[in-house]
Amino acid sequence: MEKALNEAVSKSFVGSYFKLEQRKSCFTRELRAAIATFLTMAYIITVNATIIAASGGTCSVADCSSPAGPDCRVKPNVGYETCLAKTKSDLVVATAVSALVGSVAMGLLANLPLGLAPAMGPNAYLTFNLVGFHGTGSISYQTALAVFLVEGCAFLFISAVGLRGKLAKLIPHSVRLGCAAGIGLFIAFTGLQSSLGVGLIGPDPSNLVTITACKMVDPETGACLGGKLQSPKFWLGIVGLLITSYGLMKNIKGSMIYGIVFVTFVSWFRHTEVTYFPDTPVGDESYEYFKQVVGFHKIESTAGMMSFSDFNEKGVWVALGTLFYVDVLAITGTMYTMAEIGGFLDEKGHFEGEYVAYMVDAGSTIVGSALGVSSTATFVESSAGLREGGRTGLTAVFVGFFFFLSLFFTPLLSSVPPWAIGPSLVMVGVMMMKVVKDIDWNNTKDAVPAFATMLLMPLTYSIANGIIAGIGLYIALSLYDYAASIVHWLRKMKRMVAKEQNQVSATAPVEII
C-alpha cells in the first residue's frame, strides 16, 4: 500500500510540482522527514511566547490592579499578571502562524525541505535589550516591532538585489563564530534565571549574580527565603534537563519536547509545591482556561501594534543595525548549512531555489513582526528532517500543516511553566556553542575579538555590546597589518620612482660643448 501510494503521488501534479522522482524521494519519506523536523522545533511555540511575553508586550501600568504604583509591573499584581497571561496566549498563536506561513512558503515557492519559525536570539534581544523585562527598557514593545518590520524590509531588499551573501562575507570569520556562541551563552543565561527558567541564578549585592533556587523569594526585595537550592521547581527543571540530555545522547527525535512535556505535565497538578496553577486569583483563572484543552485563540493585543513615533531616537537605529547584522550572519549561515547537509550545493556554492529561499526568509520576518513576534528564520532543526530523507518542499509544507494543528491547542501551549522552558534554553546554548571549535585560538587576532564577543553578550546582558566589541577589537588589531601594508606599498613606490629616474638619467643625451 505504501509503495502504491508513493507511486501515485509521484506521478500526480503534487509529485511533479515538488520534483519527487527527480530528487529521488517519495511521499511517505517526506512525511516522516516533516514529523522529525516538527518534533525537534515545536518547542519554539512555547519558548518564543514565554521569552517575548517577559517583555510585557502591550501591558502597561494601566492594566495593574489598584492600588498600583509605577513599579506594579515588576512586583506581584493580579491585573498585570492577567494581562501577561493573555499576551502569552496571543504570542503562542503568533509564533505558530509565523512558522506556518514561513514553512509553507518555503515549501511551495523554493521547494526546499526547511522549516521556519521565530528565531532564538532575536527574541531575547527584543525582550532584554530593547523592551526590557516587563517594559522597563528604553524602547516600547510597539517600537521594537516597528524595528523588526523595517529590518525585515531591508533584509528583503538586499535579498532581492543579491547582496545578502556578499554582506555576510564582509564580516570577520572569527567574529561571526563568536557571535553565534555568544548568543548561545546569552540564551542559556536567561534559561538559568527565575523569570524565564529554572531559577538557579539570581542577583547578589556583593557579587552581582549568585546561586539562588530559593524555595521562596521576598516579592519586595528579591531576597532569598528558605535557603538556596531548596526550590522544588528548580529540581523538577533539572529532571527535565536530564531527560532532554539523555534523549540527545541517544539521538532520539523530539528530545527537547519530551523534557518540556514531562516537567509541564507534573506542574499541571494543583495543590503541589511545583504547580503552575497556585491557589490565587490568577492561578484559578489560568486553570479554568487550561481546562478547555482545545480552543482557538484570537490574537488581540500583539498583531499590528507597530509604532514609528520614536524612530528619531539613536537607540532605535542602533537596534536596527544590530538586528540587521545578526540576521545577515545567523540566518544566511543557517540556510547555507542546511543546503550543505541536504546535498543541494553545487561546485560554486549555490543551490536550487536559493534566490527564492532568501526572499521567503526575509518576507517571513515581515509577517512575524506584523503578528507581534521577532525575526522568522530557517531553523537548524531542519537537519533532523534532512537526515530522514526530506529533499523537497513537501516536507516544509507538512511542517507548516503541523503548526496549523497546534493552533487549536492554545490553552495547553499557554500553560507551560518557565521551569519547563529553562532546560530547553540551556540546551539551545549548548548546541550553539559548537562553533567555538572552528575559531583559530592560536591566532590572537581572531581569538581576542571572538572571545570578547561571546563574553560580553551575557555579562553586559546585551547582544549589541558583544557585536560592537568584537568588530571594534578586530579593526584595532588589524591596524598594524594595514599600517605595515601601507608602509610596504610606499617603499615599493619609492623604489619604482627611483628606478625610473635612474633609467631617465641613463638614457638622457649628453651635451657636447
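Treat the numbers as computed from the prediction; the structure is a model and nothing was measured. (Residues numbered from 1 in each chain as written. Predicted model: local features only at pLDDT ≥ 70, side-chain atom pairs only at ≥ 80, totals over all residues. Heavy atoms only, no water.)

1. Re the overall build of the protein chain
Part 1: Counting its regular elements, the protein chain contains 20 helices and 6 strands.
Part 2: Along the first, second and third principal axes, the C-alpha set of the protein chain runs to 120 × 70 × 45 Å.
Part 3: Looking at the 513 residues of the protein chain, the share that counts as buried comes to 50%.
Part 4: Of the contacts formed within the protein chain by residues at least 6 apart in sequence, a portion of 74% connects residues at least 24 apart. (Helix = DSSP H or I, 4+ residues; strand = E, 2+ residues; numbered from the N terminus. Buried < 20%, exposed > 50% of the residue type's maximum accessible area, 1.4 Å probe, protein only. Contact = heavy atoms within 4.5 Å.)

2. Quick notes on a nonpolar patch on the surface
Part 1: Together, Val293, Val294, Phe296, Phe401, Phe404, Leu405, Phe408 and Phe409 make up a nonpolar patch on the protein surface, roughly 700 Å² of accessible area in all.
Part 2: Judged by relative accessible area, which is 35%, Leu405 ranks as partly exposed. (Patch = residues over 30% accessible without salt bridge, like charges linked within 9 Å, V, L, I, M, F, W, Y side chains within 5 Å. Areas by Shrake-Rupley, 256 points an atom, 1.4 Å probe, with all protein chains shown as cover. Salt bridge = Lys/Arg side-chain N within 4 Å of Asp/Glu carboxyl O.)

3. Description of the state of the cysteines
Part 1: Under the defined criterion, the tally for this structure stands at 2 disulfides.
Part 2: Across the disulfide from Cys64 sits Cys72; the S-S distance is 2.0 Å. Taking the sign of the S-S torsion, about 75° here, the bridge from Cys64 to Cys72 comes out right-handed. The pair formed by Cys64 and Cys72 is uniform in burial state, with each residue classed as buried. (Disulfide = S-S within 2.5 Å.)

4. Here's the deal with helix α12 (residues 281-290)
Part 1: Taken as a whole, α12 has its buried residues at Val282, Gly283 and Phe290. Angularly, the buried residues of α12 cover 95° about the axis, an arc narrow enough to put them on a single face.
Part 2: Tucked inside the fold, the buried residues of α12 contact α5 (78-110) and α17 (410-413).
Part 3: For α12, the N-terminal cap is Thr280; the gap from its side-chain oxygen to the backbone nitrogen of Gly283 is 3.1 Å. (Arc of directions from axis to C-beta. Polar contact = N/O pair within 3.5 Å; in protein donor to acceptor, adjacent residues only side chain to side chain.)

5. Some thoughts on the nonpolar core
Part 1: Within the largest apolar cluster, 80 residues are counted, with the highest numbers of intra-cluster contacts made by Tyr43, Met120, Leu126, Leu130, Phe403 and Ile463.
Part 2: The biggest single contributor to this core is α5, with 8 residues.
Part 3: Excluding anything up to four places from it in sequence, Phe403 contacts Phe38, Met41, Ile44, Ile45, Ala96, Ala99, Leu100 and Leu116.
Part 4: Counting 15 residues, the second-largest nonpolar core is a separate cluster that includes Ala105, Ala110, Met338 and Phe351. (Core = buried A, V, L, I, M, F, W, Y, C linked by side-chain atoms within 4.5 Å.)

6. A closer look at the UniProt feature "transmembrane region" (unreviewed entry) in the protein chain
Part 1: UniProt records the feature "transmembrane region" (unreviewed entry) for residues 91-119, 139-163, 175-196, 315-336, 356-380, 392-413 and 471-490 in the present numbering.
Part 2: Taken end to end, residues 175-196 has its terminal C-alpha atoms 28 Å apart, with 77% of it in helix and 0% in strand.
Part 3: For residues 392-413, the helix share is 82%, the strand share is 0%, and the end-to-end C-alpha distance is 29 Å. (UniProt positions renumbered as here; feature names shortened; annotations may be inferred.)

7. Here we look at the environment of Arg23
Part 1: With respect to the element layout, Arg23 can be found in the loop between α2 (13-18) and α3 (27-41).
Part 2: By relative accessible area, Arg23 is classed as buried at 16%.
Part 3: There is a polar contact of 3.4 Å between the side chain of Arg23 and the side chain of Glu352.

8. Considering the pairing of strand β2 (residues 201-204)
Part 1: Across 4 bridges, the pairing between β2 and strand β3 (residues 208-211) is antiparallel. For Ile201, the partnering residue across the bridge sits in β3 and is Ile211.
Part 2: In sequence, β2 turns back onto β3 through a hairpin of 3 residues. (Pairing = 2+ DSSP bridges.)

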